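Geometric and topological summary
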Amino acid sequence: MGEVIRLHCPPAGKKKEERVKILFDGIRKWVYSDPLKELVELYGGRVPEHMQIGEYIGWLNEFADVWDFRKKQPGGGERWTVADDEKCQGHRELILRNAHLLGMADSECPNANPDFILPLGGARRANLARAQGAREMAGKFSDSRPRIVALTGRRPLHEVERPYLEEYAPNARDEYEAMNGGLEKAFGLSGCEYLETTYVTENINLQWAKREYMQACQGCKIYSVAAPSSDPGRRANSFDTFQFFMERFEVNKAQRLLLVTSCIYAPFQLLKFIPLSLERDIEVDVYGVTPNVAGSQFSKPSNYLQEIKGAINAISQLNSMFG
């Protein structure tokens, strides 16, 4: 099929300028790759020649709006309501193959011991699948006893999620409670005592919570947090949850963080953590649970193109900050 092109966080312990160079060397390989070029051309784009990397990222960022399938829906919509267009339907195998080559369909198992394992909140069955992925990684790295900290927000659950929650969090009202159910099932914490701090206000976007389970698993302490949004007008996004985690937990220089998400989101989530990685001189890796584990609800070609767009948007933001 070809070589899978993966994005990586530059190693900690080097000068920031050197880390930025390593970062953009990897980004250059990804944005100029044949799989991405082929997808651009499929949707009528013509990759510019003789353009500097920064200009090309800007061009690519504008072009990627063609893959904003959520925006194309009346009134916007969630990821699970995205629908394939004619090109997706006619070129399904090509799109799925190229998404795989861009690192969105399987995952490398990290080699370095993490200090924190961070399963990220999601929809439907994702909270359980990512908690199980975190349990798998905790077993692999049990000698170093990493702390498990689930990162979520207080997003209200959609009715379409309810059938999937019956397996692990039937009474959950929001993503935070659903993730707690996932952690408790994955780590055998049912009935376990915990300490919890919550902040409740009329604006649900500003609410937050932190829970510490009193029972460890293989020596690993387990926590979950729901982050507030940095913008009262919207719910918390990925960066808000990362920032909130950094504020609530002591993360030292050169420590390693391992995000656990679904494969399709791995490039985007990794890229969104990079600014904090560079600022705090820490190292972040990502482990993606495979679609057959996470559930196949986000396996349509349109879903992959939407998340390729998300990765390109994150690359553009990094280029504005560090390019």
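Model, not experiment: these values are computed from the prediction. (Residues numbered from 1 in each chain as written. Predicted model: local features only at pLDDT ≥ 70, side-chain atom pairs only at ≥ 80, totals over all residues. Heavy atoms only, no water.)

Concerning the packing of aromatic side chains
Using the following cut-off: Any Phe, Tyr or Trp ring, taking Trp's six-membered ring, that has another such ring centre within 6.5 Å forms a pair; planes under 30 degrees apart are called stacked, those over 60 apart edge-to-face, and the others tilted. Under the scheme applied here, a residue whose accessible area is under 20% of the maximum for its type counts as buried, over 50% as exposed, and between as partly exposed, the area being computed with a 1.4 Å probe on protein chains only. Placement of a charge over a ring requires the Lys NZ or Arg CZ to be within 6 Å of the ring centre, with the centre-to-atom vector within 35 degrees of the ring normal.
Applying the stated criterion across every chain yields a total of 13 aromatic pairs. Aromatic pair Tyr199 and Trp208: ring centres 6.3 Å apart, planes at 15 degrees, arrangement stacked. Exposure remark for Tyr199: the relative accessible area of 40% places this residue in the partly exposed category. Classification of Trp208 by relative accessible area gives buried; the value is 17%. By way of ring pairs, the aromatic residues Tyr32, Tyr43, Tyr56, Trp59, Phe63 and Trp67 are connected into one cluster. Against the face of Phe249 rests Lys210, its NZ or CZ located 4.6 Å from the ring centre.

A look at the packing of helix H6 (residues 92-101) against helix H13 (residues 301-322)
Angle between the axes and distance between the axes are the two parameters that describe a pair of packed helices. Put simply, the test is: Axes here mean lines fitted to C-alpha atoms, for a helix over just the part in contact, with angles spanning 0 to 180 degrees between N-to-C directions. We count a stretch as a helix when DSSP gives it H or I for four or more residues in a row; a strand needs E for two or more, and each element gets its number in order from the N terminus. For this classification, under 35 degrees means roughly parallel, over 145 means roughly antiparallel, 65 to 115 means roughly perpendicular, and everything else is oblique. Two helices crossing with the near one rotated counterclockwise from the far one by less than a right angle form a left-handed crossing, whereas a clockwise rotation gives a right-handed crossing. Note on definitions: a residue-residue contact is assigned when non-hydrogen atoms from the two residues lie within 4.5 Å. Under the scheme applied here, ten amino acids are nonpolar (Ala, Val, Leu, Ile, Met, Phe, Trp, Tyr, Cys and Pro), four are charged (Asp, Glu, Lys and Arg), and all others, including Gly, are polar.
At a minimum axis distance of 9 Å, the contact between H6 and H13 shows a crossing angle of 40 degrees. On the basis of the axis angle, H6 is oblique to H13. Regarding H6 and H13, the two cross each other, and that crossing is left-handed. Every residue of H13 that contacts H6 at Arg92, Ile95, Leu96 and Ala99 is listed here: Pro301, Tyr304 and Leu305. A class-by-class count of the residues in the contact of H6 with H13 yields six nonpolar, no polar and one charged.

A few points about the environment of Gly153
Following the sequence through the fold, Gly153 ends up in strand S2 (residues 147-153). When its relative accessible area of 8% is taken as the criterion, Gly153 is described as buried. C-alpha of Gly153 to C-alpha of Leu120: the two residues are 33 residues apart in sequence and 9.7 Å apart in space.

Considerations on the confidence of the model for the chain
What counts is decided by this rule: Scored from 0 to 100, pLDDT records how confident the predictor is in each individual residue.
Residues at a pLDDT of 70 or more form 95% of the chain, whose mean pLDDT is 92. The low-confidence segment residues 293-297 (pLDDT under 50) makes 12 contacts with residues lying over four places distant or belonging to another chain.

So, the nonpolar core
Quick reminder of the rule: Take the buried residues of types Ala, Val, Leu, Ile, Met, Phe, Trp, Tyr and Cys, join any two whose side-chain atoms come within 4.5 Å, and each joined set is a nonpolar core.
Judged by nonpolar contacts, the single largest core of 68 residues is most densely connected at Trp30, Trp67, Phe245, Leu257, Phe273 and Ile308. Considering every element that reaches this core, the biggest residue donor is H13, with nine residues. Apart from residues lying up to four places away in sequence, Phe245 is in contact with Phe116, Leu118, Val149, Leu151, Val251 and Leu257. Grouped together as the second largest cluster of nonpolar side chains are 23 residues, Ala186, Phe187, Cys220 and Ile222 included.

Quick word on the packing of helix H11 (residues 266-280) against H13
Between H11 and H13, whose axes approach to 8 Å, the crossing angle comes to 20 degrees. Regarding the angle of H11 to H13, the classification is roughly parallel. Both H11 and H13 take part in a crossing whose hand is left-handed. On H13, the residues that touch Pro267, Phe268, Leu271, Lys272, Ile274, Pro275 and Leu278 of H11 are Gly310, Ala311, Ala314, Ile315, Gln317, Leu318, Met321 and Phe322.

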